[in-house]
Amino acid sequence: MILRVPIIMDIFTLMKYSVEEMLLPGKDAVTEIQEEKNMAETVRVVVDAMGGDNAPAEPVKAAVEAVTERDDIVVILTGKQEVIESELSKFQNYPKERIQVVNATEVIETAEPPVVAIRKKKDSSIVVGLNLVKKQEADAFVSSGSSGAILVGGQVIVGRSKGVQRPPLAPLIPTEKGVSLLIDCGANVDARPDHLVQFAKMGSIYMEDVVGIKNPRVAIVNIGIEEEKGNALVKQTYPLLKECGDINFIGSIEARDIPNGYADVIVCEAFVGNVILKMYEGVAGALMGMVKETMMSSLKTKIGALLIKNELKQTLKDFDASDYGGAPMLGLKGLVVKSHGSSNAKEFKQSILQCIAFKQQNISGRIAASITADKGLLSASESKTEE
């Protein structure tokens, strides 16, 4: 639910202006108040125009489409200025004042060691963009560039929220019943039980406040639904999740049940999550290819394909992961979104637009407050035990 600024606030703001000021020609007080209000509500998103297989064409196109579609967003493109401006010149009839270009002369390549690249390439599109978020000159950063550099830069430059131990990557994946959040899918391959508990809490906040699913169901990935099953990590984490009163933990979930939408938040460490995500993508691509090949194999199947064309398109659209944007890195002081390396303009645009709900619902603040509250309860409990 998006909160609206109460009308009474506008009345109090009007009191700052004298009657004479309101009667002066030109911009009136009400207009100025509305402009200040609009500026406060505008979400500023940095887009790495140099990252990914399809840069700079697709990120720039996505930026143009995003500001054309929404009037509450400003996109800041980071990268080589002359290259970006050349791409922008291909587009007409868009609000040019809501796209800014910040020059960055360097590019971090995928094969570069992330820590070294972040440290040495200070003028890269990724580092420059992340610094804008750190300085609060932007609300979010979106990139399909080097995953390692984005993960390292997110933690080192933007910084973790107080109390957050390991920020996870959390993409939305399509299911039979809508979408589920897969957390973690690539940031922490050696997670501990307390990390997974934090993932569950952060994922629940995101699904409830951004996606709009009330009391989201949380499950941990396992090789069976029985509590005694699983590896050491799962066995240690399961009872901790059961004890969490602020999440709706429903137990274990097997990988085959994820596409059926049995849970809204799928908790796992990054190695397992990445395998699930890549398998998801691979099976979907293979199945699509087989369906198309079968439908075009004979005159009879071609006629059948024509008859079900519209229904099939809608079904395939529901399972199109590009409609859900990139993977947010939760638990940071600002929003960092990692898009797929081969993202097209549609995927980039969805990644940009998802930042709006994230900012409006203050997800970073809510996560920090939740984790801090947990730390306070733990400290109080420990003190009581010592007494």
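Residues numbered from 1 in each chain as written. Predicted model: local features only at pLDDT ≥ 70, side-chain atom pairs only at ≥ 80, totals over all residues. Heavy atoms only, no water.

> Please clarify how the overall build of the protein chain should be interpreted in this entry.
Counting secondary structure elements, the protein chain contains 15 helices and 11 strands. A total of 387 residues make up the protein chain; the buried ones form 44% of that total. For the protein chain, the proportion of contacts with a sequence separation of at least 24, taken over those separated by at least 6, is 72%. For the protein chain, the accessible area works out to roughly 20,100 Å², and carbon and sulfur atoms hold 57% of it. (Helix = DSSP H or I, 4+ residues; strand = E, 2+ residues; numbered from the N terminus. Buried < 20%, exposed > 50% of the residue type's maximum accessible area, 1.4 Å probe, protein only. Contact = heavy atoms within 4.5 Å. Areas by Shrake-Rupley, 256 points an atom, 1.4 Å probe, with all protein chains shown as cover.)

> Is there a simple way to explain the sheet that holds strand β11 (residues 335-338) in this structure?
Read across the open sheet, the six strands follow the order β3-β2-β1-β4-β11-β10; overall the sheet is mixed. Across the chains shown, the open sheet's two edge strands, defined by having one partner strand only, are β3 (99-103) and β10 (327-329). Averaged over all pairs of adjacent strands, the angle between strand axes in this sheet comes to 25°, irrespective of strand direction. The pairing of strand β4 (residues 140-143) with β11 spans four bridges and is classified as parallel. Residue Val 142 lies in a different strand from β11, and its bridge partner there is Val 337. The sheet contacts of helix α14 (residues 345-360) involve β1 (43-48), β2 (73-79), β4, β10 and β11, and relative to β1 the element is tilted by about 150°. (Pairing = 2+ DSSP bridges. Axes fitted to C-alpha atoms, helices over the stretch in contact; angles between N-to-C directions.)

> Teacher, can you tell me more about the packing of helix α4 (residues 57-69) against helix α5 (residues 81-88) here?
A pair of packed helices can be characterised by two numbers: the angle between their axes and the separation between those axes. Look at α4 against α5: their axes get within 10 Å of each other, and the N-to-C directions meet at 55°. The orientation of α4 with respect to α5, classified from their angle, is oblique. Crossing of α4 over α5 shows right-handed handedness. Contact residues: Ala 57, Val 60 and Val 64 in α4; Ile 84, Glu 87 and Leu 88 in α5. (Parallel < 35°, antiparallel > 145°, perpendicular 65-115°, else oblique. Left-handed = near helix turned anticlockwise from the far one by under 90°.)

> Could you clarify how one ought to interpret the pairing of strand β7 (residues 217-221) in this entry?
Along β7, four of the five residues are buried, which leaves the element largely enclosed by surrounding structure. Where β7 and strand β8 (residues 248-253) come together, five bridges link them in parallel fashion. Across the sheet, residue Arg 217 finds its bridge partner in β8, namely Asn 248. As for the winding sense of the linkage, the β-α-β connection from β7 through helix α10 (residues 232-243) to β8 is right-handed. Of the strand pairs in this sheet, β7 and strand β9 (residues 265-267) are connected by three bridges, and their pairing is parallel. Bridging across to β9, Val 218 finds its partner in Val 265. (Right-handed = clockwise from strand over helix to strand, strands pointing away.)

> What exactly am I supposed to notice about the packing of aromatic side chains here?
The description of an aromatic ring pair rests on the distance of the ring centres and on the angle between the ring planes. Under the counting rule described, the total for this entry stands at two aromatic pairs. On the basis of an interplanar angle of 50° and a centroid distance of 6.1 Å, the ring pair of Tyr 206 and Phe 358 is categorised as tilted. With Tyr 206 in helix α9 (residues 193-211) and Phe 358 in helix α14, this pair connects stretches of sequence that are 152 residues apart. When sorted by exposure, Tyr 206 lands in the same class as Phe 358, which is buried. For the pair Tyr 238 and Phe 249, a centre-to-centre distance of 5.1 Å together with 80° between the ring planes defines the contact as edge-to-face. Residue Tyr 238 is located in helix α10, and its partner Phe 249 is located in strand β8; the two are separated by 11 residues in the primary sequence. Classification of Tyr 238 as buried rests on a relative accessible area of 10%. Cation over ring: Lys 96 sits above Tyr 94, and NZ or CZ is 4.6 Å from the ring centre. (Phe/Tyr/Trp six-rings, centres within 6.5 Å; stacked < 30°, edge-to-face > 60°. Lys NZ or Arg CZ within 6 Å of the ring centre and 35° of its normal.)

> How should α4 be read in this particular structure?
Given 3.6 residues per turn, any residue in an α-helix points the same way as the ones three and four places further on. With 13 residues, α4 should cover 18 Å at 1.5 Å per step; its first-to-last C-alpha distance of 18 Å lies within 8% of that length. Residues of α4 that are buried include every one of Pro 59, Val 60, Ala 62, Ala 63, Val 64, Ala 66 and Val 67, and no others. Of the surrounding secondary structure, the elements contacted by the buried residues of α4 are β1, β2, α5, β3 and α14. (Expected span 1.5 Å × (residues − 1).)

> I keep staring at the pairing of strand β5 (residues 172-175) and nothing clicks. Help me out?
The side chains of a regular strand alternate, first on one face of the sheet and then on the other. With burial as the criterion, each face of β5 is covered, one bearing Leu 172 and Pro 174 and the other bearing Ile 173 and Thr 175. Pairing between β5 and strand β6 (residues 178-183): four bridges, direction antiparallel. Note that in β6 the partner of Pro 174 across the bridge is Val 179. Connecting β5 to the next strand, β6, in antiparallel fashion are two residues.

> How should I be thinking about the sheet that holds β7 in this particular structure?
Backbone-to-backbone hydrogen bonds pair the strands of a sheet. The strands run either parallel or antiparallel. Taken in spatial order, the five strands line up as β5-β6-β9-β7-β8 in an open sheet, and their pairing is mixed. Two strands bound the open sheet, and with one partner strand each, they are β5 and β8. Across the sheet, the mean angle from the axis of one strand to that of its neighbour is 30°, orientation sign disregarded. On top of the sheet, α9 reaches β5, β6, β7 and β9; it is set at about 150° to β6, its chief contact.

> Is there a simple way to think about the nonpolar core in this case?
Looking at soluble globular proteins, one finds that nonpolar side chains tend to be buried together. By size, the foremost hydrophobic cluster in this structure holds 60 residues, and its most contacted members are Val 45 and Leu 77. Looking at this core, the element that brings in the most residues is α9, giving eight residues. Leave out the neighbours within four places in its chain, and Leu 77 touches Val 47, Ala 49, Pro 59, Val 60, Ala 63, Ile 84, Leu 88, Ile 99, Gln 100, Val 101 and Val 102. By size, the runner-up hydrophobic cluster in this structure holds 35 residues, among which are Ile 108, Leu 169, Leu 277 and Met 329. (Core = buried A, V, L, I, M, F, W, Y, C linked by side-chain atoms within 4.5 Å.)

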